[in-house]
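Observations on chain architecture
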Amino acid sequence: MPVKNVKRAVSQLQIARAKFQPVLPNILKKGPAAVKAKAGKATKSVADQATVKKIFPNTYGLPEITFIKGNNAAACKKAVRVGVVLSGGQAPGGHNVIAGLLDGLKKANSKNKLFGFLGGPSGIVDNKLMEITPAIMKDYRNTGGFDLIQSGRTKIETPEQLAAAKNNLIANKLDALVVVGGDDSNTNACVIAEYLKQQGVDISVIGVPKTIDGDLKNKQIEASFGFDTATKIYSELVGNIERDVNSARKYWHFIRLMGRSASHIALEVAFKTQPNAVLIGEEVLAKKMTLGQVVDGLVQLIAKRAKAGKNFGVVLVPEGLIEFIPEMKELISALNDSLADNEAALAKLNTLAEKKEFVLSKLPKKLADLMRSLPSGIASQLMLDRDPHGNVQVSLIETEKLLVEMIKTRLAELKKSGKYGGKFATITHFFGYEGRCGQPSTFDANYTYALGYNAAVLALNKCSGYLSSVRKLTKKAQDWEVGGIPLTMMMNIERRKGKEKPVIKKALVELKGEPFKHLVKNRAVWAEQDVYVFPGPIQFFGPSEVTDVTTVTLQLEQGKKIK
Ligand code: FBP
């Protein structure tokens with residue numbers, strides 16, 4: 001909630017940046033009344049079609065929508081009321097989604113109103129909301145964070161929660177709800193869209209693709225917002241560390257980077273900074289590597305560099321690595337099921353040690369032995385509560401420290417046998433929260449504004465069960481294309497909290513994709529030679545090649561050549 005009666009302190013950069021007017025795609029420039037929806041063919045889910053169709057009978061198979069020029073004044077005649085909710089982890093640009101949504105609605109009809117549900121989806125269930133007026137919005141344009149209405153991870157799933165959400169949406173006389181979230185939140189958006197249709201309630205639900213992790217993408221959705229800014233922030237920090245490493249030449253830095261399961265963030269930051277090593281979880285899984293093999297690979301690199309007199313380096317570790325090591329994956333999956341199956345019994349136990357012993361007694365011997373072999377801190381971190389969508393909270397598992405400990409042991413053995421004579425002084429870092437609320441880059445400021453504005457157009461066209469889509473993202477913002485993608489189109493069935501559930505398919509790093517191939521081509525040189533790159537901070541003013549360029553990942557995915 002905006003603080004009342006307190007003058008907010010703002011930085012000079014914020015004052016200057018507030019004047020930035022995001023560039024709208026040309027097709028949206030004349031407002032929602034000047035575009036009409038062109039529907040494509042009926043769609044199918046990416047997998048498990050029969051099951052997904054059964055669960056979503058009313059929202060399955062909808063056509064893709066593209067907005068084209070046309071007179072749609074009729075859709076803008078009646079004044080509408082729209083709700084917006086920010087769901088899940090923060091990502092730079094959330095405020096500009098709301099700004100775009102508000103501007104799109106007001107351009108269509110000055111009587112239209114926008115309401116923000118407070119604190120994430122729980123705000124819908126508890127009916128906590130505020131009107132977002134242009135005057136309130138003014139202070140939040142082009143800023144990072146979700147603090148205008150905050151966020152939360154509540155999943156609306158029980159019959160009581162769904163009924164409360166429906167009743168509150170009706171009581172507030174809303175015509176549409178816009179859910180800004182990642183794969184799980186948008187799955188939840190589709191559940192609500194389906195439920196409202198089943199109940200005969202004419203309120204549209206529209207999603208917006210958000211997550212710094214970059215894993216909500218597919219053929220239709222080119223990128224989630226926030227990935228561009230967050231990776232630029234982490235790259236600045238990693239570049240600074242590399243310059244320090246290259247100056248002091250005495251430490252190995254192990255840097256864990258956020259990104260939950262997928263390694264997109266680590267890969268993108270590696271492209272921008274060229275560290276000595278970057279682990280890619282998806283490669284570890286494909287090669288069925290054990291934890292010991294991952295460690296051995298790093299030990300070889302460290303020993304080789306030590307021979308060349310280089311007892312320093314930088315290693316990037318994706319936070320989801322642990323879930324990709326097959327033996328750990330098996331352990332985590334068994335823990336997920338065991339924690340879900342024994343919720344009541346575990347709640348009665350007081351200490352983490354007691355809970356750990358209880359769970360160990362339920363695991364197959366092989367997995368219990370593996371858990372016992374892990375440093376006690378890591379084993380405890382694996383036991384921490386899952387999020388409401390059933391995910392392990394990998395941001396709380398200190399994989400970089402686990403790797404350092406195991407490497408130290410191996411190096412000590414090598415030293416004893418005379419095969420290693422170097423020094424291994426380490427510093428560990430975790431970069432995650434530093435990047436989630438940064439001031440959005442120009443790309444993200446434009447992209448989020450367009451996503452929000454486009455969501456307003458989808459709402460006015462009564463498209464329910466759609467994700468706002470802005471495409472051709474490596475072109476200039478004015479040339480981007482806009483439309484809507486049915487949420488069910490992206491779904492498959494996955495195991496969550498011990499049960500089979502329909503969810504939007506997470507995009508992992510594709511080992512056959514151009515970004516990974518680019519890494520494979522370059523990583524041997526990065527390992528041995530110190531070809532670090534220092535990207536510096538995000539620039540908001542200056543030449544276009546410095547301010548506007550988006551991620552290397554997206555450029556490679558769209559066939560662009562990288563120098
Ligand atoms: P979303 O998927 O909701 O966008 O969240 C992304 C993320 O930043 C992950 O990278 C990270 O693992 C997680 O959120 C941490 O969230 P929390 O702070 O709620 O534990």
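Look up: the structure comes first, before these words.
About the thresholds
The residue numbering used here restarts from 1 in each chain and proceeds along that chain's sequence as written. Note on the predicted model: pLDDT of at least 70 is required for a residue's local features to be given, and 80 or more for side-chain atom pairs to be given and counted; whole-chain, interface and lining totals, by contrast, use all residues. Side-chain measures here rest on the full set of heavy atoms in the structure, leaving out hydrogens and waters. A single heavy atom is enough: if one lies within 4 Å of a molecule or strand, its residue is considered near that molecule or strand. Definition of a polar contact: a pair of N or O atoms within 3.5 Å, with one able to donate and the other able to accept a hydrogen when the atoms are protein atoms, and with sequence-neighbouring residues admitted only if both atoms are side-chain atoms. Reported accessibility uses the Shrake-Rupley method at a 1.4 Å probe radius. Residues are deemed covered only where the shown protein chains occlude them. Here the term buried applies to any residue with accessible area under 20% of the maximum for its type, exposed to any over 50%, and partly exposed to those in between, with areas from a 1.4 Å probe on protein chains only. Every helix listed is a DSSP run of H or I at least four residues long, and every strand listed is a run of E at least two residues long, numbered separately from the N terminus. Picture the helix axis, draw a direction to every C-beta atom, and the arc is the one those directions span. By the convention used here, residues are in contact when the closest approach between their heavy atoms is within 4.5 Å. Geometry is summarised by axes, namely lines fitted to C-alpha atoms with helices restricted to the contacting stretch, and by angles between N-to-C directions that run from 0 to 180 degrees. We call a crossing left-handed when the near helix sits turned anticlockwise from the far one by less than a right angle, and right-handed when that turn is clockwise. Classification used: nonpolar for Ala, Val, Leu, Ile, Met, Phe, Trp, Tyr, Cys and Pro, charged for Asp, Glu, Lys and Arg, polar for all others including Gly. Whether two strands pair depends on DSSP finding at least two bridges between them. By definition, the crossover connecting two strands over a helix is right-handed if that path, from the first strand to the second, turns clockwise as seen with the strands pointing away from the viewer.

As a further point, take the site of the ligand. Around the ligand, the surrounding shell holds 15 residues, and the nearest of these are Gly89, Arg153, Asp213, Glu319 and Tyr433. For the ligand, an oxygen atom lies 2.8 Å from a polar atom in the side chain of Arg153. Here an oxygen atom of the ligand and a side-chain polar atom of Asp213 are 2.6 Å apart. Here the ligand loses 87% of its free accessible area of 490 Å² to cover by the protein chains.

Turning to helix α16 (residues 352-362), a few remarks are in order. Three or more residues of α16 are buried, namely Lys356, Val359 and Leu360. Around the axis of α16, the buried residues are gathered within 105° of arc, so they sit on the same side. Buried residues along α16 sit against α14 (326-341), α15 (343-347), α17 (365-373) and α18 (376-382).

Looking now at the packing of helix α12 (residues 291-307) against helix α19 (residues 399-416). Between α12 and α19, the least distance of the axes is 9 Å, while the angle of their chain directions is 60°. The handedness of the crossing between α12 and α19 comes out as right-handed. In this structure, α12 contributes Leu291, Val294, Val295, Asp296, Leu298, Val299 and Ile302 to the contact, and α19 contributes Leu402, Leu403, Met406, Ile407, Arg410, Leu411 and Leu414. By residue class, the composition of the contact of α12 with α19 is 12 nonpolar, no polar and 2 charged.

For strand β8 (residues 204-209), a buried count of 6 out of 6 residues is recorded, marking the element as mostly surrounded by other parts of the structure. Residues Ser204, Ile206 and Val208 point to one face of β8 and Val205, Gly207 and Pro209 to the other, with burial holding for every one of them. As judged from the 6 bridges shared by strand β7 (residues 176-181) and β8, these two strands associate in the parallel manner. Bridge assignment links Val179 to a residue of β8, and that residue is Gly207. The parallel pair β7 and β8 is bridged by helix α8 (residues 183-198), and the resulting crossover is right-handed. Note that β8 and strand β13 (residues 466-471) share 2 bridges and pair parallel. Counted as the bridge partner of Gly207 is Leu467 from β13.

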